[in-house]
Amino acid sequence: MGSFFSLKEVVRYKTLLSNLARRDFLVRYKQAFAGIIWALVKPLVSILVFGYIASKINSGESTARNFLYVASAMLLWQLFSNVFNEVSNSIVGNANLFSKVYFPKIIIPLSTILVCLVDFVISLLILIVLFIIAGEPVHWQIVLAPLFVLLTLINGFGIGLYFATINVKYRDVKFIVPVLVQFGMYVSPVIFSTAYYLERLPQWLHWLFCLNPMVGAIDGFKYCLFGGEAIYNPQTFALSVGVSFLFLFTGIKYFFKFERSFVDYI
Amino acid sequence: MSKDHIIQVEGLSKQYILNRNAAEKSDTLYGNVLGAVKGLRTIGRKKETEEFWALKNVSFEVERGDRVGVIGRNGAGKSTLLKILSRITPPTKGRIEYTGRMASLLEVGTGFHGDLSGRENIYLNGSILGMSKQEIDKKFDEIVAFSEVERFLDTPVKRYSSGMYVRLAFAVAAHLEPEILIVDEVLAVGDAAFQKKCLGKMQDVSTKEGRTILFVSHNMDAVQKLCNKGLLMHKGELLQQGGIDAVISSYISNNALSNGFFEIEKNQIENLSQMGKVLSVSVLNAHNEVSGEIPTGSSWKISIRFVLEKDHDFFVIGYGFQSLFGNPINTSWSSGRPMKRGVYEAVFSNQEIFYTTGQYKIAVGLSNNNHSYFYNDTESFLTISDAGMAYETERIINKDSGLILNQLPVEIREING
């Protein structure tokens, strides 16, 4: 039993996985006149606001570069926060399904990832336009960028699974998650770079900052887009990525430990 | 010859923990922290929970191709049993072994989304039930034909009539191809013609394709038609198993042991309404006493207590009288009128029509503005007995005399040719 046994089951239910994602995607923009354009609005507003703030404070860089940094980090952060939020609420939100039919419940949070990923791909348009405006060259590392998108998904999924499980019994989760997302953005290299933070934080707080699994993902993504200097140092990067996988494995384990009794507590 | 067991269930038990004091147990972290602090003061005292065994040590075997009817009153553990068999909830004790693919249909249209079209919902629902895309593609035309909604395939299902909705939902489920199919009371919805079609489909699936079916229903007629084996459940225990006819007749005689007073607990109308509900049904004899048995030929009354939670513009209470197999015999209702909220009692009196001996189901329903929001036909019964026959005892009355025993006036005159 356990997580490896059901991996085979997940494969067997792949049609359900894609159909649930399809449902969420279709339903989201039904009867919305502007439709999919809304996927661009939220990140765009954040980028404009925080890009402006960053370029005022961090005047060492050009305005265009500041906007580009903020945009790349912001898109990835929003991917994380969407996955985290959707995964956390996915089990409770779909209780009507698994209280009447058996299927591996991990399918539900997995399917929400797909929807978030589609939104992310659409929002990449913003980044492309900014690259063109700024005349920023594209580096060879860009081929590695999907790895850090994957790392972001792993972060949102792993941490989200803990909250999805707790949510079954304690509905406080739906209030806690937005607070964590809001706070998390300020302790991640979204508006400013990791270097900017670490130069200003006391030494003893450095390791704590780098325990944040989104530090590795965002720094890695920036490295792929802008080249060398984006990663602060390999140790802190490795630490952060390690935390990502720790969350993933323990999150899955935690989820499967309680999965069978979800129906009795929901 | 060794028997071919497709399902083996051994010592299955399911326990639920009920919080006796629901107000103190909270569903939020804060509430629980608060509760824990309070709990420190009550350490050593007995916990405020109650154990409830929904299933107690149930064991049985099912052979390949069997069609097993699971019957019993509400709260007998039928649905819990099906939920455990279909792996929706784990058992507290015991084990289940089965071979082959199992699919369960505890509700029609699980996962249907109102905003999606019929076509989209067929794929969604099919995949929830465990079908792959190829299987659904292959069966798609059959499903559409069975559901009779071809013209509305691209309409969002929220615009469907409830009949169309149920037809589409059942059509998807009916085209599943599992070795074991578990069905819970889903036929209670839909019109009579469609119910018949569904039963026919299930029969086909089982007899022609040799699939195994476990079927829960309160409709004894349907159970008898479809099933060859039966399991009789009572308060979480398996009372009897065997041929369907024997099991049904013990269920019926079990029900006869009532005292004429029935608490009504379940509303069979799915979208629960807060308008009001029926509390209890009593059967009164000719002396206005609550009675478990009414002698043939004697008058009787059905007294229904109900509560209205809201003011009604046009309130109607209805009562129906059905055979145990679910065939309706008579329906009566009050004339519509406005009603204030409160607790009421309605009494339907039968003085003129004499029914034959036997057991009957009583159906009760409440409605407002021609919209029925409460219905129950599984929890109250009327027993007409042949004890102390009140009239014309010399007449031999038996089942062949028909359902209604009233004698019509007859005149015989000679015709002079």
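Counting restarts for each chain: residues are numbered from 1 in the order of the written sequence. Working convention: letters from A go to chains and numbers from 1 go to ligands, in the order in which they are written. Thresholds applied to this predicted model are a pLDDT of at least 70 for local features of residues and 80 or more for the giving and counting of side-chain atom pairs; totals over whole chains, interfaces and linings are not thresholded and use all residues. To get the side-chain values, take all heavy atoms of the structure and skip hydrogens and water.

Some points on the overall build of chain B
For clarity, the threshold we go by: Segments assigned H or I by DSSP are reported as helices when at least four residues long, segments assigned E as strands when at least two residues long, and all are numbered from the N terminus. Only protein chains enter the calculation, and the probe is 1.4 Å; a residue is then buried if its accessible area is under 20% of its type maximum, exposed if over 50%, and partly exposed in between. Residue contacts follow a heavy-atom distance rule, with two residues in contact if any of their heavy atoms lie within 4.5 Å. For every accessible area listed, the method is Shrake-Rupley and the probe measures 1.4 Å; residues are considered covered only by the protein chains on display.
Within chain B, the regular secondary structure consists of eight helices and 19 strands. Relative to its 417 residues, chain B shows a buried fraction of 46%. Intrachain contacts of chain B at a sequence separation of at least 6 include 72% that bridge at least 24 residues. If you sum the accessible surface of chain B, you get close to 21600 Å²; carbon and sulfur atoms cover 50% of it.

Section: the overall build of chain A
Just so we agree on the cut-off: Positive: Lys, Arg. Negative: Asp, Glu. His and the chain ends are not part of the count. A charge is said to be at NZ when it belongs to Lys, at CZ for Arg, at CG for Asp and at CD for Glu.
Check the secondary structure of chain A and you find 13 helices and zero strands. Each helix and strand of chain A, ordered N terminal to C terminal, gives the series α-α-α-α-α-α-α-α-α-α-α-α-α. Dimensions of chain A, computed from C-alpha atoms along their principal axes, come out at roughly 60 × 50 × 35 Å. Long-range pairs, those at least 24 residues apart, make up 81% of the contacts in chain A with a sequence separation of at least 6. Here chain A has roughly 12700 Å² of accessible surface; of this, 70% comes from carbon and sulfur atoms. Computed over 20 positive and 12 negative side-chain charges, the inter-centroid distance for chain A is 10 Å.

Quick word on the interface of chain A and chain B
Formally: Buried area is understood as the total, over both parts, of accessible area removed when two parts are fitted together, assessed with a 1.4 Å probe. The salt bridge criterion pairs a side-chain nitrogen of Lys or Arg with a carboxyl oxygen of Asp or Glu, the two atoms within 4 Å.
Across the contact, 30 residues belong to chain A and 35 residues belong to chain B. Taking both sides of the interface into account, the surface hidden between chain A and chain B amounts to around 2700 Å²; carbon and sulfur atoms contribute 57%. Three residues stand out in chain A for area buried against chain B, namely Lys100(A), Val101(A) and Tyr102(A), and they jointly supply 21% of the buried area on that side. Taken together, the connections running from chain A to chain B amount to one salt bridge.

Notes on the environment of Leu239(A)
Residue and element names in this part refer to chain A. With respect to the helices and strands, the residue Leu239 is situated in helix α12 (residues 234-259). Overall, the relative accessible area of 35% leaves Leu239 in the partly exposed class. Through-space distance from the C-alpha of Leu239 to that of Trp207 is 8.4 Å; in sequence the pair is 32 residues apart. Leave out the neighbours within four places in its chain, and Leu239 touches Trp207, Cys210 and Leu211.

Some thoughts on the sheet that holds strand β9 (residues 237-243) of chain B
Residue and element names in this part refer to chain B. The cut-off we apply is this: Being paired, for any two strands, means DSSP has found at least two bridges between them. Throughout, an axis means a line fitted to C-alpha atoms (over the contacting stretch in the case of helices), and angles, computed between N-to-C directions, take values from 0 to 180 degrees.
Across the sheet, which stays open at both edges, the six strands sit in the order β5-β6-β7-β3-β8-β9 with mixed pairing between neighbours. Lying at the two open borders of the sheet, with one neighbouring strand each, are β5 (102-105) and β9. Mean inter-strand twist for the sheet, computed between neighbouring axes without regard to direction, equals 15 degrees. One ladder, built from four bridges, connects β5 with strand β6 (residues 180-184); its direction is parallel. Bridging across to β6, Leu105 finds its partner in Val183. Strands in contact with helix α2 (residues 78-85) are β3 (67-71), β5, β6, β7 (212-216) and β8 (229-234); relative to β6, the strand with the most contacts, it is inclined by about 150 degrees.

Quick notes on the pairing of strand β14 (residues 312-323) of chain B
A regular strand places its side chains so that they alternate between the two faces of the sheet. Residues and elements named next belong to chain B. Most of β14 sits inside the fold, with ten of its twelve residues counted as buried. Of the pairings in the sheet, the one linking β14 to strand β16 (residues 337-339) comprises two bridges and is antiparallel in character. Along β16, the bridge assignment pairs His312 with Met339. As paired strands, β14 and strand β18 (residues 358-368) are joined by nine bridges and run antiparallel to one another. Paired with Val316 across the strands is Ser367, a residue of β18. One ladder, built from five bridges, connects β14 with strand β15 (residues 328-333); its direction is antiparallel.

So, unusual backbone geometry
Notably, Asn57(B) is not glycine yet its phi reads approximately 50 degrees, a positive angle. As for its placement among the helices and strands, Asn57(B) is situated in strand β2 (residues 49-63).

Brief notes about the domain arrangement of chain B
Interfaces are often sized by the accessible area lost when the parts come together. Residue and element names in this part refer to chain B. Defined as follows: Those domain boundaries reflect an automatic or database domain assignment. Polar contacts, as used here, are pairs of N or O atoms within 3.5 Å; protein pairs need one atom able to donate a hydrogen and one able to accept it. Residues neighboring in sequence count only if both atoms are side-chain atoms. Residue type decides the class: Asp, Glu, Lys and Arg count as charged, Ala, Val, Leu, Ile, Met, Phe, Trp, Tyr, Cys and Pro as nonpolar, and the leftover types, Gly among them, as polar.
Split into domains, chain B comes out as domain 1 (5-12 + 55-255) and domain 2 (261-405). Taking only C-alpha atoms, the centre of domain 1 and the centre of domain 2 are 30 Å apart. Interface area for domain 1 against domain 2, summed over the two sides, is near 940 Å², with a carbon-plus-sulfur share of 54%. Linking domain 1 with domain 2 are zero residue pairs in polar contact (both at pLDDT 80 or more), by the criterion used here. Elements that contribute at least two residues to the side of domain 1 that touches domain 2 include exactly α7 (220-226) and α8 (244-256). Its residues assigned to classes, the side of domain 1 that touches domain 2 comprises three nonpolar, five polar and one charged.

Considering the nonpolar core
Basically, it comes down to this: As used here, the term nonpolar core means buried Ala, Val, Leu, Ile, Met, Phe, Trp, Tyr and Cys residues forming a set that is joined through side-chain atoms within 4.5 Å.
Counting residues in each nonpolar core, the largest one holds 183 residues, and the members touching the most others are Phe103(A), Phe215(B), Ile304(B) and Phe306(B). No fewer than three residues from each of domain 1 (5-12 + 55-255) and domain 2 (261-405) of chain B sit in this core. With sequence-adjacent residues up to four places away left out, Phe306(B) is seen in contact with Lys277(B), Val278(B), Leu279(B), Phe315(B), Ile317(B), Met339(B), Gly342(B), Val343(B), Tyr344(B), Glu345(B), Ala346(B) and Leu366(B).

Re the pattern of salt bridges
Applying the stated criterion across every chain yields a total of 19 salt bridges over all chains. In this structure, the salt-bridge partner of Arg23(A) is Asp24(A), at a minimum N-O distance of 3.1 Å. Lys14(B) serves as the salt-bridge partner of Asp264(A), at 2.7 Å between the closest nitrogen and oxygen. Here the residue Asp264(A) occupies a position in helix α13 (residues 262-265), and Lys14(B) occupies one in strand β1 (residues 5-19), the pair thus bridging two chains. Exposure remark for Asp264(A): the relative accessible area of 27% places this residue in the partly exposed category. Among the charged side chains, a salt-bridge network with shared partners connects Glu10(B), Arg95(B) and Glu97(B).

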